[in-house]
Amino acid sequence: MAVPNAVFRALHGTLDAPDIQTNPKGWWTAMDHHTIKRYSPDAPLPSHPHRNQRSAYYDSLLNEDVLLECVSTRRITASSQLQYSRLFVDLLTAEDAFEDQWTVLTPEEQENHFLEAFAVNERSSSYLQFTLGKADCPELNRDVLFADNGRGFIELMGRCVLPDNNVVPAQPMIIESERFDNIIEYKQNETIKSRAAVCMMARMTRTAYIVNFVFATLASVKGHTITYQVFTTEHSKTKSTLKAHSQMIDAIMGGKSAGKAFRKAEAKRRKDMGLFCQHCLKAEEKEKNGKMTVCSRCRKLGREIRYCGRDCQLADWKQHKLQCGKPLDASLVLDDVYVQGSERIIGGRPDIPPCPPGHRRSPHVIRLIEDLETCPLKDYLTEFTALDFGSAALDEVPGAAVFMHMRNILFTSTGPGAEGALMYVYRVLQNFSDERRLQQQLQREYGMDLWKRMKAMVKTAPGPMYWAPDVSRADMEEMIGHLKGTPRFTEELAGYTKGQGDIMMLGITVGPNKDVAAKVEFPREAAPAAASLLPSNTKKAAGANAKGPNFCIPDPEDRPEDGFIHANYCNLGDQIKYLQMNPEADYMIWGHPSSPNLPMALNFFQKEDVLGFIHHRYCLFRYGPFSIDSLAYIFMALRPVLQRKKIPEAVLLRQLEKEYSAGYVKIVRAQIYRREDGKEVYKRRLDGKEYELARIPAKKDVLVEVMYQLAESGRFEEFGMVKRGILDHFKA
């Protein structure tokens, strides 16, 4: 045993175990025995030098030199955790995933890598001031690591991953252990700063032992040799500090001779420690670059804060100015860490919430979020092949907002309701990905336990419909706010203001079979007409008994007294022909990129939208563009829908000009504009009145007729009974 370890071994008590260098297997067996004994929930708490002490004891441990060392250790630990986390995620999510390489190794091969990692960890004694290393890490017991053909180690890798790999964590990650917290007497809301600082260092040190073990195991697998560089903030105080504590050291070591040997060895060990830049954490290389700059104000207090250059000193000033030239306080050990890398490299996704305390994201979810941050207009990324990814970006505001909400449930929870959110996300993504790959992807991202819960939900559902969690107005307004901050729905959300207006209850169904639904409180002002645009039937005519608005086309009317002859301005033959071949279509659209020469069938979903559109379509078919109000309605209703379907406004205008004449379309287009509040309105030239889309005047008799037609077709059977509530909506 190296002499510098002796003080800490004396403080903690000696654990009997063979020497790890000469008998590593025996050492691991013995340490597992100690760990099991210490961490048995039925056993009394083992002793620890930092438990059951008065506050003065903790204050005495944390003089200014120790405080500075603790602050620096936290900085280095947080920065290292980020580097390790990135490596672990890369290995676990790569095409040739490390898990596959690891599980094909024999138990003997895996054991050799573990033993090499333990040997590397045990060469450092820095952890001994706070923990007993392996004896305080039941996560490193043999049965845990070898579980499920070695996948226990893969699970441990996942626990060492940070929730955000784009920024140094503000607080070093902690691998929680309730038993260890009890051993050191950790309290979450500790009021004594010095005790809180000591406990925090102990928890961080235990975590560092585990993370370093994982990294050392990976290095062994890859055939790399690890050499750790231990850092310190200064060399100048070593001898004076050791001399001042001579009596205590002699007493602990059992005599002056042993104490002298310890002081000599400790002085050499401290001299071998590296000095470093407080901001970028780069080691000082005096022979190559000369000595680093030291903060002059802190030096006057006997404190050495180094920087490798002016750039780092300026970059660190935001943090350093809080304690520059001032006495240090134990609260510094609890403050957020700030080093190079503490500011995000990528701007982030405001629509993706941070990982909440207590929840652990899988490496695959972390990689997904990293990739989404580079694709700010996408809602999800799905795997097409091992190398290529597809993207999912929903083209309707309600659909996109609800999907983002369900996705975020999965990003932040595995609790009740998560299985319904997973079913919702799964069904939506079935439109974007290969089925087998999608299932495998979601199982990796959210785990088999949640996947099985989702399957159990399907089996026990009382009917053919599966329900995702209900979505509140607050949930929707949060997501809509994020969408408004992107260029995806600029026009649709231009007039939306959070918290204003009433809500409409939406029942959004998703999936190839429309078998998953969510009840949504949706702000009416943010609800553009939801619609689908699908390939049409262009060959088979409807049956002779077909019913509905598409088979109740009104006869055209001329207005000779006004110089309007319907046939001179309207060219609706193709429109009506294909509407009658597609009974549930509300309008036929030409010019979609996927089939520019064939019509696509447009269907609105909400009954208010369908009723309003069919009403004004009826007026146009009967009176032609002389019904200026209806032409304005049709244009305002179609334009945002088709833009979301990748059909430019110019294409829509060409179609309307063909159907209703260029002159009338030009007149109508000139009467539509966007007000300062962002809302699009139709300003009727005849009387100067302004109308939002849903308020454009409608004819009651036509509305009643269209309602009966829709009810007769079976599309909205309730229209056969309900009249007044719908009619009032249009303010005829």
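From a predicted model like this one, the values you see are computed outputs, not experimental measurements.

## Let's talk about helix α22 (residues 473–484)
An ideal rise of 1.5 Å per residue puts 16 Å on 12 residues; α22 measures up with 16 Å between its terminal C-alpha atoms. Those residues of α22 that fall on the buried side of the exposure criterion are R473, M476, E477, M479, I480 and L483.

## Looking at the sheet that holds strand β8 (residues 531–535)
Strands sit in the order β8-β10-β9 across an open sheet of three strands; the sheet is antiparallel. The outermost strands of the open sheet, each flanked by one partner alone, are β8 and β9 (587–589). When the angles between neighbouring strand axes are averaged without regard to direction, this sheet yields 30°. Bridge count between β9 and strand β10 (residues 600–604): three bridges; the pairing is antiparallel. Counted as the bridge partner of M588 is A601 from β10.

## Quick look at the environment of G485
In this fold, G485 is placed in the loop between α22 and β6 (503–510). Residue G485 is classed as exposed on the basis of its relative accessible area, which comes to 66%. Spatially, the C-alpha atom of G485 lies 49 Å from that of N63, the residues being 422 residues apart in sequence.

## What to know about the nonpolar core
In globular proteins that are soluble, nonpolar side chains generally tend to be buried together. Formed by 57 residues in total, the largest nonpolar core has its most connected members in L602, F604, F613, L638 and Y660. By residue number, the principal contributor to this core is helix α26 (residues 628–644), which donates 11 residues. With near-sequence residues (within four places) excluded, Y660 lies in contact with Y569, C570, L572, Y587, L620, F621, P625 and L631. The next biggest cluster of nonpolar side chains, apart from the first, holds 53 residues, and it includes Y380, L381, V402 and I409.

## Focus: the packing of aromatic side chains
Within this structure, the stated rule accounts for 25 aromatic pairs. Aromatic ring contacts, followed pair by pair, group W27, W28, F98, W102, F114, F118, F146, F153 and F213 into a single cluster. The ring of Y186 has R203 lying over it, and the distance from NZ or CZ to the ring centre is 4.0 Å.

## Comments concerning the sheet that holds strand β11 (residues 672–674)
Strand order in the open sheet formed by three strands is β11-β12-β13, with antiparallel pairing between adjacent strands. Of all the strands in the sheet, the pair left with one neighbour each is β11 and β13 (690–691). Sheet analysis places strand β12 (residues 680–683) next to β13, joined by two bridges and oriented antiparallel. Residue pairing in the sheet places K683 in a bridge with E690 of β13. Sitting on the sheet, α26 is in contact with β11, β12 and β13, with an inclination near 165° to β12.

## Concerning the pattern of salt bridges
According to the stated counting rule, one finds 40 salt bridges in the structure shown. With a shortest N-O distance of 3.2 Å, E649 and R639 are connected by a salt bridge. Taken as a pair, E649 in helix α27 (residues 649–660) and R639 in helix α26 lie far apart in primary sequence, 10 residues in all. By relative accessible area, R639 is classed as buried at 6%. R639 serves as the salt-bridge partner of E680, at 1.8 Å between the closest nitrogen and oxygen.

## Some points on helix α19 (residues 418–429)
Given a rise of 1.5 Å per residue, 12 residues ought to cover 16 Å, and the 16 Å separating the end C-alpha atoms of α19 matches this to within 8%. Here α19 lies mainly inside the structure; 12 of its 12 residues are buried. Among the residues of α19, those classed as buried are A418, E419, G420, A421, L422, M423, Y424, V425, Y426, R427, V428 and L429.

## A short note on the state of the cysteines
Counted under the stated rule, the structure contains zero disulfides. Cysteine C277 shares no disulfide, and the gap to the nearest cysteine sulfur, in C280, comes to 3.7 Å. Considering cysteine sulfurs only, C619 is the nearest to C570, which forms no disulfide, with 13 Å between them.

## A few points about the packing of helix α4 (residues 64–93) against helix α8 (residues 147–159)
Two numbers describe how α4 lies on α8: the axes approach to 9 Å, and their chain directions differ by 135°. It follows from the interaxial angle that α4 and α8 lie oblique. α4 and α8 meet at a crossing whose hand is left-handed. Residues F88, L91 and L92 of α4 form the contact with α8, whose participating residues are I154, M157 and G158.

## Comments concerning the environment of D677
Checked against the element boundaries, D677 lands in the loop between β11 and β12. For the pair D677 and T497, spaced 180 residues apart in sequence, the C-alpha to C-alpha distance is 9.2 Å. D677 has contacts with A494 and G495, leaving out every residue within four places of it along the chain. Reaching out from D677, the side chain makes a polar contact with the side chain of R675 at a distance of 3.0 Å. Within the structure, the side chain of D677 is placed 3.0 Å from the backbone nitrogen of K679, a separation counted as a polar contact.

## Overview of the side chain of S362
Looking at where S362 falls in the secondary structure, it is placed in the loop between α16 (310–320) and α17 (363–373). You can call S362 buried: its relative accessible area is 17%. A polar contact is formed between the side chain of S362 and the backbone oxygen of E445, at a distance of 2.7 Å. Leave out the neighbours within four places in its chain, and S362 touches R444 and E445.

## Concerning the pairing of β6
Every second residue of β6 is oriented toward a common face, the buried set being M504, L506, I508 and V510 and the non-buried set I503, M505, G507 and T509. Strand direction decides the pairing type here: β6 and strand β7 (residues 516–523), joined by eight bridges, are antiparallel. Looking across to β7, one finds that I508 is bridged to A518. The hairpin turn running from β6 into β7, its antiparallel successor, is five residues long, and G511 in that turn takes a positive phi close to 105°.

## Re the side chain of R473
By the element assignment, R473 lies in helix α22. In terms of polar contacts, R473 uses its side chain to reach the backbone carbonyl oxygen of G501, at 2.9 Å. Aside from chain neighbours lying at most four places away, what touches R473 is G499, Q500, G501, D502, I503 and E521.

## Some details on the packing of α26 against helix α28 (residues 662–670)
In a packed pair of helices, the relevant descriptors are the angle between the two axes and the axis-to-axis distance. α28 packs onto α26 with a crossing angle of 75° between their chain directions and a minimal axis gap of 10 Å. With respect to α28, the axis of α26 lies roughly perpendicular. Listed contacts from α28 to I628, L631, A632, F635 and R639 of α26 are Y664, V665, V668 and R669. A class-by-class count of the residues in the contact of α26 with α28 yields seven nonpolar, no polar and two charged.

## A closer look at the environment of V221
Residue position: V221 is located in helix α10 (residues 193–222). On the basis of relative accessibility, which here comes to 27%, the residue V221 falls in the partly exposed class. For the pair V221 and Q110, spaced 111 residues apart in sequence, the C-alpha separation works out to 8.6 Å. Sequence-distant contacts of V221, that is, excluding residues within four places in its chain, are made with F98, W102 and H113.

## Notes on the confidence of the model for the protein chain
Per-residue confidence for the protein chain gives a mean pLDDT of 87, with 92% of residues at or over 70. Here residues 1–13 is modelled with pLDDT under 50, and outside its nearest four sequence neighbours on either side it reaches 33 contacts, counting other chains as well. Segment residues 723–732: pLDDT under 50, and 21 contacts once partners within four positions in sequence are set aside and those in other chains are kept.

Conventions used here
- Numbers given to residues run from 1 along each chain, matching the order in which its sequence is written.
- Reporting in this predicted model follows two pLDDT cut-offs: at least 70 for local features of residues, and 80 or more for side-chain atom pairs to be given and counted; totals over whole chains, interfaces and linings ignore these cut-offs and use all residues.
- Side-chain descriptors were evaluated using all non-hydrogen atoms of the structure, hydrogens and water having been removed beforehand.
- Strands here are runs of E lasting at least two residues and helices are runs of H or I lasting at least four, both read from the DSSP assignment and numbered beginning at the N terminus.
- Here the expected length of a helix is defined as 1.5 Å per residue gap, with one fewer gap than residues.
- Accessibility here uses a 1.4 Å probe with only protein chains present; expressed as a share of the type maximum, an area under 20% marks a residue as buried, one over 50% as exposed, and anything in between as partly exposed.
- In this description, strands pair whenever DSSP reports at least two bridges between them.
- Convention adopted: a line fitted to C-alpha atoms gives each axis, helices being fitted over their contacting stretch, and angles between N-to-C directions are expressed from 0 to 180 degrees.
- For the purposes of this section, nonpolar cores are sets of buried Ala, Val, Leu, Ile, Met, Phe, Trp, Tyr and Cys residues that join through side-chain atoms within 4.5 Å.
- Only heavy atoms matter for contacts: two residues are in contact if any of them lie within 4.5 Å across the pair.
- The pairing test for Phe, Tyr and Trp rings, Trp by its six-membered ring, is centres within 6.5 Å, and the orientation test on the planes gives stacked under 30 degrees, edge-to-face over 60, and tilted for anything in between.
- Throughout this description, the term charge over a ring refers to an Arg CZ or Lys NZ atom that lies within 6 Å of the ring centre and within 35 degrees of the ring normal.
- By definition here, a salt bridge exists when the distance from a side-chain nitrogen of Lys or Arg to a carboxyl oxygen of Asp or Glu is within 4 Å.
- Here, two cysteine sulfur atoms that lie within 2.5 Å of each other are counted as a disulfide.
- What sets the label is the angle itself: under 35 degrees gives roughly parallel, over 145 gives roughly antiparallel, 65 to 115 gives roughly perpendicular, and the rest give oblique.
- Handedness of a helix crossing follows the sense of rotation of the near helix relative to the far helix, less than a right angle counterclockwise being left-handed and clockwise being right-handed.
- Residues adjacent in sequence count toward polar contacts only when both atoms are side-chain atoms; beyond that, a polar contact is any pair of N or O atoms within 3.5 Å, and within protein one must be able to donate a hydrogen and the other to accept it.
- Put simply, Ala, Val, Leu, Ile, Met, Phe, Trp, Tyr, Cys and Pro go in the nonpolar bin, Asp, Glu, Lys and Arg in the charged bin, and everything else, Gly too, in the polar bin.
- pLDDT is a per-residue confidence score from the predictor, ranging from 0 to 100.

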